[in-house]
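Inside the fold
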Amino acid sequence: MRFEPRRNKTVLPRTRRLRVAGGALCAAALAATLVTGCGQDSGDETAAATSEAAKILPNQTTSPSGSPSGTAQLTEDQTERKELLSNVKVAFDKAATTAVGEVSGGKLTDLDLEGLDDEDDDDATGSPSPTGSPTDGASPSPSGTGSPSPSGSSTGPKWVAEVVEANGTAHNVTIDAVSGDVIDSAPDADQSAADKKELAAQIAEATQTPQQAAKVATDKQPGWVTSLALDENDSQVLVWQVDVVSKDWNKTTFDVDAAKGTITDEQVDQD
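1. A closer look at helix α6 (residues 210–220)
Turning to α6, its buried residues are Pro210, Ala213, Ala214, Ala217 and Thr218. Relative to the axis of α6, the buried residues are bounded by an arc of 125° and lie together on one face.

The structure is reproduced here in structure tokens:
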């Protein structure tokens, strides 16, 4: 089961998956209470948090700070994201590195986190707390209490990648999202000559790396990167489409210009 389907494109010949800011509030003090610089403190804290995130990204595309309210009623999609991410131990950046390492000279064009089978959902015990940011070598899992799927399991959470050679030949690489082991790696047997030509042109045009695109997205919305793909949007602009799940378990999809590194579109899925 794929974690979540991307939004559908309708105008391009090759169908692939393509897919706002809160303000700070300063509470007024009660009458007769001395009010001192609430806005300044908030600004200092925000600047410090941004600085810390910049040190970590894009190593992961980081776990968001804080945790969702324990009393908030989660939707079905939010619950699925929460349960899935409580089992994931291998972050986006490590999965990307592993996938590219399977194809000599290849470049990553697609990476998606696939969900658990029904039989594995019961393993997701405990409530994941997306607090802090993982350090190098540390588990990116938002939960310290959940029971991950067995290492190397083909039914647990997986990263499914597409890595493309310079001539456009695509390879599909599947990585265990708990152990980091490669489950499967093979060329795409269904590619046409036109597909190869298109992919070769796209990886040549994309000057922004997937890690850079992920950093742009998570700078705007801290969270877990759960999907990333290179493709043209409806305006024929080549973009990296990045899905980020934030601490409230909502998903934001960013289109990042693959040449300029700027956000061209963002959509929040609050279901």
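That shown, we press on.
2. Brief notes about the packing of aromatic side chains
The tally for this structure, following the rule as stated, stands at one aromatic pair. With a centroid separation of 5.3 Å and 5° between ring planes, the pair formed by Trp224 and Trp249 is classed as stacked. Placement of the pair is Trp224 in strand β5 (residues 224–232) and Trp249 in the loop between β6 (238–245) and β7 (251–257), with a sequence separation of 25 residues. Residues Trp224 and Trp249 agree in their burial class; the two are buried.

3. Some words on the pairing of strand β8 (residues 263–269)
Strand direction decides the pairing type here: β7 and β8, joined by six bridges, are antiparallel. Bridge pairing in β8 links Thr253 to Gln267. Linking β7 back to β8 in an antiparallel pair, the connection comprises five residues, with Gly261 at a positive phi of about 75°.

4. Remarks on the nonpolar core
Residues Phe92, Leu111, Trp159, Trp240 and Val242 are the most contacted members of the largest nonpolar core, which totals 39 residues. Ranked by residue count, the leading element in this core is β6, at five residues.

5. Some details on helix α2 (residues 76–85)
Among the residues of α2, those classed as buried are Gln78, Arg81, Leu84 and Leu85. Across the axial projection of α2, the buried residues extend over an arc of 130°, all falling on one side. If you follow the buried residues of α2, they end up packed against β1 (107–114), β5, β6, β7 and β8.

6. Here's the deal with the confidence of the model for the chain
In this model, the chain carries an average pLDDT of 73, and 58% of its residues clear a pLDDT of 70 or more. Segment residues 1–71: pLDDT under 50, and 146 contacts once partners within four positions in sequence are set aside and those in other chains are kept. In this model, residues 118–152 is a region of pLDDT below 50 whose contacts with residues beyond four sequence positions or in other chains number 81 contacts.

7. Quick notes on the sheet that holds β5
Pairing is antiparallel across the open sheet formed by eight strands, whose spatial order is β4-β3-β2-β1-β5-β6-β7-β8. The open sheet has two edge strands, β4 (182–187) and β8, and neither has a second partner. Each neighbouring strand pair of the sheet contributes to a mean axis angle of 20°, computed without reference to strand direction. In terms of strand pairing, β1 meets β5 through three bridges, oriented antiparallel. Looking at β5, one finds that Leu111 is bridged to Leu228. Along the sheet, helix α5 (residues 193–205) makes contact with β1, β2 (158–164), β3 (170–176), β5 and β6, crossing β5 at roughly 115°.

Each value, and the rule that gives it
Residues numbered from 1 in each chain as written. Predicted model: local features only at pLDDT ≥ 70, side-chain atom pairs only at ≥ 80, totals over all residues. Heavy atoms only, no water. Buried < 20%, exposed > 50% of the residue type's maximum accessible area, 1.4 Å probe, protein only. Helix = DSSP H or I, 4+ residues; strand = E, 2+ residues; numbered from the N terminus. Arc of directions from axis to C-beta. Phe/Tyr/Trp six-rings, centres within 6.5 Å; stacked < 30°, edge-to-face > 60°. Pairing = 2+ DSSP bridges. Core = buried A, V, L, I, M, F, W, Y, C linked by side-chain atoms within 4.5 Å. Contact = heavy atoms within 4.5 Å. pLDDT = per-residue confidence, 0-100. Axes fitted to C-alpha atoms, helices over the stretch in contact; angles between N-to-C directions.

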